[in-house]
Amino acid sequence: LTISGLGIWYNGYSSDNNYILLIDASGSMLADDYDPNRLEVAKKTASDFIDSLNPNVEVGAISFAGTSFLVQSLTNDKANVKDSIKGIDAINIGGTATGDATILAINTFKISDSGTRGRSIILLTDGQSNVGIDLEDAIDYAVTNGVIIHTLGIGTEEGGEFNEDGITSQLNPQNLEKLAKETGGNFYLVENEEEMDKAY
């Protein structure tokens with residue numbers, strides 16, 4: 001077949017958008033309704049998604065709890081992004097500042113890319129934004145800057161325990177639906193690893 005010069009073409013879906021992954025690393029993401037917990041599954045599926053992207057697409061990553069951390073600036077070096085995501089641990093800072101993380105992601109786009117590609121945020125969280133910038137302000141900022149936000153709500157209806165005191169965390173999807181709808185993105189409720197892969 002090699003000698004004959006046979007060529008095989010495969011047509012598949014791929015996106016030319018640049019992406020920033022916002023990964024909730026608050027204490028509630030250690031809830032055990034996923035195996036082994038929400039955070040580890042979020043990291044694994046995010047890495048799988050990165051493997052599927054066009055080589056020229058740039059990806060960045062941010063982790064957040066009560067504050068936000070730029071884990072990896074935009075780059076097309078997918079191996080670096082995956083290593084950065086793998087190193088995300090739960091953040092010992094109270095609260096979940098989804099609005100702050102969203103603003104940081106948009107500002108990262110503005111600083112780091114040329115603006116010639118589409119800009120998409122993928123937010124993975126259990127949805128309980130309770131500190132920091134109001135989500136309405138984050139939505140307005142995203143719309144103004146042409147950034148689409150896709151949201152993945154992580155957690156099961158019954159919730160899961162995430163510390164030795166038996167505290168239970170349950171998903172609150174309303175804000176995630178609002179973030180996605182008003183910025184032109186999609187909202188997915190994912191109750192296990194398979195559903196998260198399908199959402200990507």
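Check the entry above for the structure.
Described in the following lines is the structure provided in the data block. This structure is a prediction, so every number in the text was calculated from the model and none was measured. All residue numbers here refer to positions counted from 1 along the written sequence of the relevant chain. The model is predicted, so local features are restricted to residues of pLDDT at least 70 and side-chain atom pairs to those at 80 or more, both for listing and for counting; the totals for chains, interfaces and linings are taken over all residues. Side-chain metrics in this entry use all non-hydrogen atoms of the structure; hydrogen atoms and water are not considered.

1. A few points about unusual backbone geometry
Moving on, step 1. Proline 36 follows aspartate 35 through a cis peptide bond whose omega is 5°.
Moving on, step 2. Secondary-structure assignment places proline 36 in the loop between β1 (18-24) and α1 (38-51). The helix count covers DSSP runs of H or I at least four residues long, the strand count covers runs of E at least two residues long, and both are numbered beginning at the N terminus.

2. Quick word on the pattern of salt bridges
Moving on, step 1. In the sections that follow, a salt bridge refers to a side-chain nitrogen of Lys or Arg positioned within 4 Å of a carboxyl oxygen of Asp or Glu. Inspection of the entire model under this criterion finds nine salt bridges.
Moving on, step 2. Here aspartate 33 makes a salt bridge to arginine 38, at a shortest N to O gap of 2.9 Å. Exposure class is identical for aspartate 33 and arginine 38. Each is buried.
Moving on, step 3. In this structure, the salt-bridge partner of glutamate 136 is lysine 178, at a minimum N-O distance of 2.9 Å. Of this pair, glutamate 136 sits in helix α4 (residues 135-144) while lysine 178 is found in helix α5 (residues 174-183), placing the two residues 42 residues apart along the sequence.
Moving on, step 4. Only protein chains enter the calculation, and the probe is 1.4 Å; a residue is then buried if its accessible area is under 20% of its type maximum, exposed if over 50%, and partly exposed in between. In this structure lysine 178 comes out as partly exposed when scored by relative accessible area, which is 29%.

3. A short note on the nonpolar core
Moving on, step 1. We call a set of buried residues a nonpolar core when its members are Ala, Val, Leu, Ile, Met, Phe, Trp, Tyr or Cys and they connect through side-chain atoms within 4.5 Å of each other. Ranked by size, the top nonpolar core spans 28 residues in total, and within it Leu21, Val59, Ile85, Leu124, Ile154 and Met196 carry the most contacts.
Moving on, step 2. Every element with two or more residues in this core is listed here: β1, α1, β2 (59-64), α2 (78-86), β4 (119-125), β5 (147-154) and α6 (193-199).
Moving on, step 3. No other element matches α1, which puts six residues into this core.
Moving on, step 4. In terms of nonpolar packing, the next biggest core, distinct from the first, is built from 18 residues, Ile20, Ile106, Phe109 and Ile121 among them.

4. Overview of the environment of valine 71
Moving on, step 1. Inspection of the secondary structure assignment puts valine 71 in strand β3 (residues 68-75).
Moving on, step 2. According to the relative accessible area criterion, valine 71 is partly exposed, its value standing at 26%.
Moving on, step 3. Residues valine 71 and alanine 61, spaced 10 residues apart in sequence, show a C-alpha to C-alpha distance of 5.4 Å.
Moving on, step 4. It only takes one pair of heavy atoms within 4.5 Å for two residues to be counted as in contact. Leaving out residues up to four positions away in the same chain, valine 71 has contacts with Ala61, Ile62, Ser63, Ser84, Ile85 and Ile88.

5. A few points about the pairing of β3
Moving on, step 1. Strand pairing is defined by DSSP finding a minimum of two bridges between the two strands. Relative to β3, β2 runs antiparallel, the two being bridged by five bridges. Bridge assignment links phenylalanine 64 to a residue of β3, and that residue is serine 68.
Moving on, step 2. The hairpin formed by β2 and β3 contains three residues between the paired strands.

6. Focus on α1
Moving on, step 1. The first and last C-alpha atoms of α1 sit 20 Å apart over 14 residues, in line with the 20 Å expected at 1.5 Å per residue.
Moving on, step 2. The buried count for α1 comes to 10 of 14 residues, which makes it a mostly enclosed element.
Moving on, step 3. Of all the positions in α1, only Arg38, Leu39, Val41, Ala42, Lys43, Thr45, Ala46, Ser47, Phe49 and Ile50 are classed as buried.
Moving on, step 4. A side-chain oxygen of the first residue of α1 lies 3.1 Å from the backbone nitrogen of leucine 39; this N-cap is asparagine 37. A helix is expected to span 1.5 Å multiplied by its residue count minus one. Side-chain atoms alone can form a polar contact between residues adjacent in sequence; in general such a contact is a pair of N or O atoms within 3.5 Å, and within protein one must be able to donate a hydrogen while the other accepts it.

7. Side note on the packing of α1 against α2
Moving on, step 1. Between α1 and α2, the least distance of the axes is 9 Å, while the angle of their chain directions is 175°. By the angle between their axes, α1 is roughly antiparallel relative to α2. Residues Lys43, Ala46, Ser47, Ile50 and Asp51 of α1 form the contact with α2, whose participating residues are Lys78, Val81, Lys82, Ile85 and Lys86.
Moving on, step 2. The residue inventory of the contact of α1 with α2, partitioned by class, reads four nonpolar, one polar and five charged. Each axis is a line fitted through C-alpha atoms, and for a helix only the stretch in contact is used; angles between axes span 0 to 180 degrees, taken between their N-to-C directions. Each angle receives one of four descriptions, namely roughly parallel if under 35 degrees, roughly antiparallel if over 145, roughly perpendicular if within 65 to 115, and oblique otherwise. For this classification, the nonpolar set comprises Ala, Val, Leu, Ile, Met, Phe, Trp, Tyr, Cys and Pro, the charged set comprises Asp, Glu, Lys and Arg, and every other residue, Gly included, is treated as polar.

8. Focus: the packing of α4 against α5
Moving on, step 1. Across the interface, α4 lies against α5 with an axial gap of 9 Å and an inter-helix angle of 20°. As far as their axial angle goes, α5 and α4 are roughly parallel. In this structure, the crossing between α4 and α5 has a hand that is right-handed. Residues Leu135, Glu136, Ile139, Ala142 and Val143 of α4 pack against Asn175, Lys178, Leu179, Glu182 and Thr183 of α5.
Moving on, step 2. A per-class count over the contact of α4 with α5 returns five nonpolar, two polar and three charged. Left-handed describes a crossing whose near helix is turned anticlockwise from the far helix through less than a right angle; right-handed describes the clockwise counterpart.

9. Digging into the packing of aromatic side chains
Given two aromatic rings, one states the distance between the centres and the angle between the planes to describe the pair.
Moving on, step 1. Whether two aromatic rings pair depends on their centres lying within 6.5 Å, for rings of Phe, Tyr and Trp, where Trp uses its six-membered ring; planes under 30 degrees apart make the pair stacked, over 60 edge-to-face, and the rest tilted. A full pass over the atoms with the stated rule returns two aromatic pairs.
Moving on, step 2. Centre to centre, the rings of tyrosine 19 and phenylalanine 49 are 5.2 Å apart; their planes meet at 90°, and the pair counts as edge-to-face. Residue tyrosine 19 is found in strand β1, and its partner phenylalanine 49 is found in helix α1; the two are separated by 30 residues along the sequence.
Moving on, step 3. Since its relative accessible area comes to 8%, tyrosine 19 is described here as buried.
Moving on, step 4. Consider the rings of phenylalanine 49 and tyrosine 200, whose centres lie 4.7 Å apart with planes at 20°: the pair is stacked. Linking phenylalanine 49 in helix α1 with tyrosine 200 in the segment after α6, this pair joins segments that are 151 residues apart in sequence.
Moving on, step 5. Of the aromatic side chains, those joined through ring pairs into one cluster are Tyr19, Phe49 and Tyr200.

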